[in-house]
Amino acid sequence: MAQQIKTVGVLGAGLMGHGIAQVAAQSGYDVVLREVDEATLAKGIGKIEKQLARAVEKQRLSQPDADEVRARINGTVHYRDLADCGLVIEAITESLPLKLEMWREVDEIVKPDAVFATNTSSLAVIDQAAATGRPGQFVGLHYFNPAQVMKLVEVVRCVTTTDEAFETAYEFARSEGKLAVAAKDKAGFIVNRLLVPYMLDAIRAHEQGVGSIEDIDTGMMAGASHPMGPLTLADFVGLDTLAAIADVMVDAYGEERFSAPETLKKMVSAGDFGRKSGKGFYDYSGDKMYLDFARQAVTRLLATQEPDGGFAAQALVPA
Ligand code: CAA
């Protein structure tokens, strides 16, 4: 039987963590959001406040409701504040040694019947579960970026996960209004197993001169109805993250199609991580909305190619 959860701990307030915390608070859970220092925590909470303000502005949320959501999120830099959480979800850097070090500390503090979950994109869940004193109560809860918008959560059962822990995590995801799918503990689970080689292949297609960055993105937006082209998506996921996932997947499967292309490696070495660093396949510098550069590029391209005045540009790329 699934456990009832009242308070959710979220470790990491970065790209994924702040969204995971916001979704949980919007679903009525009390949230303890932990970061390494006050400045990083303030940045994550700032993003949540910005999203809540936008929801109020768009009349999707009333101001009192937004205030309640915000009040349910307690930021901290101390693990000790997680003690009473019924579920703890980690969304820290995708590094196994860092995650193991963190779990060892958290495991000592959090109540023994709590379920632990990792939002890892590619690491084996069992490697984290086995480092805790509660391998039965350990699952993967894999959210998609932006967590506030994307409907899916992959619920990952590793070899030690009990039925009760799996059901608790599955029901939790559903209680957040997410579509939950069960996935096995295999590198990349379901979505990244398919999506990561697709993004890597788009980079290879560009390297091989198959098409320009804009043409490749336009091709998949206009030819396959994807909301973003693969290179915009790579920038959105983070090129450093994509390269790290590729490294794990090529090790796990030994197949060349999972390996990071040269261009990706060079961009990561140069510090071009995509949207979060301001530069990737597109330039996000300045104070424009993050998709503006990619959008403008694709809009221009579609408009110049649409003889009847850019119907496709308007339909595919809303202003
Ligand atoms: N946080 C919160 N809300 C956001 C957001 C963000 N970062 N980005 C967009 N939104 C919201 C906006 O507020 C907007 O809502 P309203 O219309 O109510 O204001 C809504 O989403 C749509 O946004 P936009 O109109 O600005 O832009 P859009 O229509 O192009 O949608 C998108 C943006 C949802 C990101 C869409 O482009 C999309 O679905 N892209 C594909 C995303 C994707 O594939 N994600 C998975 C990546 S892989 C992954 O995450 C797994 C991994 O392990 C690497």
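Residues numbered from 1 in each chain as written. Predicted model: local features only at pLDDT ≥ 70, side-chain atom pairs only at ≥ 80, totals over all residues. Heavy atoms only, no water.

Q: I would appreciate a short explanation of the overall build of the protein chain in the present structure.
A: Of the regular secondary structure elements, the protein chain holds 13 helices and 8 strands. For the protein chain, the residues scored as buried account for 49% of the 319 residues in total. Carbon and sulfur atoms make up 53% of the accessible area of the protein chain, which totals about 15100 Å². (Helix = DSSP H or I, 4+ residues; strand = E, 2+ residues; numbered from the N terminus. Buried < 20%, exposed > 50% of the residue type's maximum accessible area, 1.4 Å probe, protein only. Areas by Shrake-Rupley, 256 points an atom, 1.4 Å probe, with all protein chains shown as cover.)

Q: Can you help me understand the packing of aromatic side chains in this one?
A: Here a ring pair, both rings aromatic, is described through the centre-centre distance and the interplanar angle of the planes. Taken as a whole and assessed by the stated rule, the structure comprises 6 aromatic pairs. Between Phe116 and Phe138 the ring centres are 6.5 Å apart and the planes differ by 85°, which places this aromatic pair in the edge-to-face class. Taken together, the positions of Phe116 in strand S5 (residues 115-118) and Phe138 in strand S6 (residues 138-143) put the pair 22 residues apart, joining distant regions of the chain. Judged by its relative accessible area of 0%, Phe138 is buried. The ring centre of Phe166 lies 4.5 Å from the NZ or CZ of Arg157, which sits over that ring. (Phe/Tyr/Trp six-rings, centres within 6.5 Å; stacked < 30°, edge-to-face > 60°. Lys NZ or Arg CZ within 6 Å of the ring centre and 35° of its normal.)

Q: How should I be thinking about a negative patch on the surface in this particular structure?
A: Negative charge collects at one region of the surface, where Asp113, Glu164, Glu167 and Glu171 lie side by side. For Asp113, the position within the fold is in the loop between helix H4 (96-109) and S5. (Patch = residues over 30% accessible without salt bridge, like charges linked within 9 Å, V, L, I, M, F, W, Y side chains within 5 Å. Salt bridge = Lys/Arg side-chain N within 4 Å of Asp/Glu carboxyl O. Lys, Arg positive; Asp, Glu negative; His and termini not counted. Charge placed at Lys NZ, Arg CZ, Asp CG, Glu CD.)

Q: Could you clarify how one ought to interpret the pattern of salt bridges in this entry?
A: When charged atoms on two side chains of opposite charge get close, those side chains can pair. Applying the stated rule across the entire model yields 12 salt bridges. Of the charged contacts in the structure, one is a salt bridge between Arg134 and Asp107, with a shortest N-O distance of 2.8 Å. Placement of the pair is Arg134 in the loop between helix H5 (125-129) and S6 and Asp107 in helix H4, with a sequence separation of 27 residues. For the pair Arg134 and Asp107, a shared accessibility class is recorded, and that class is buried.

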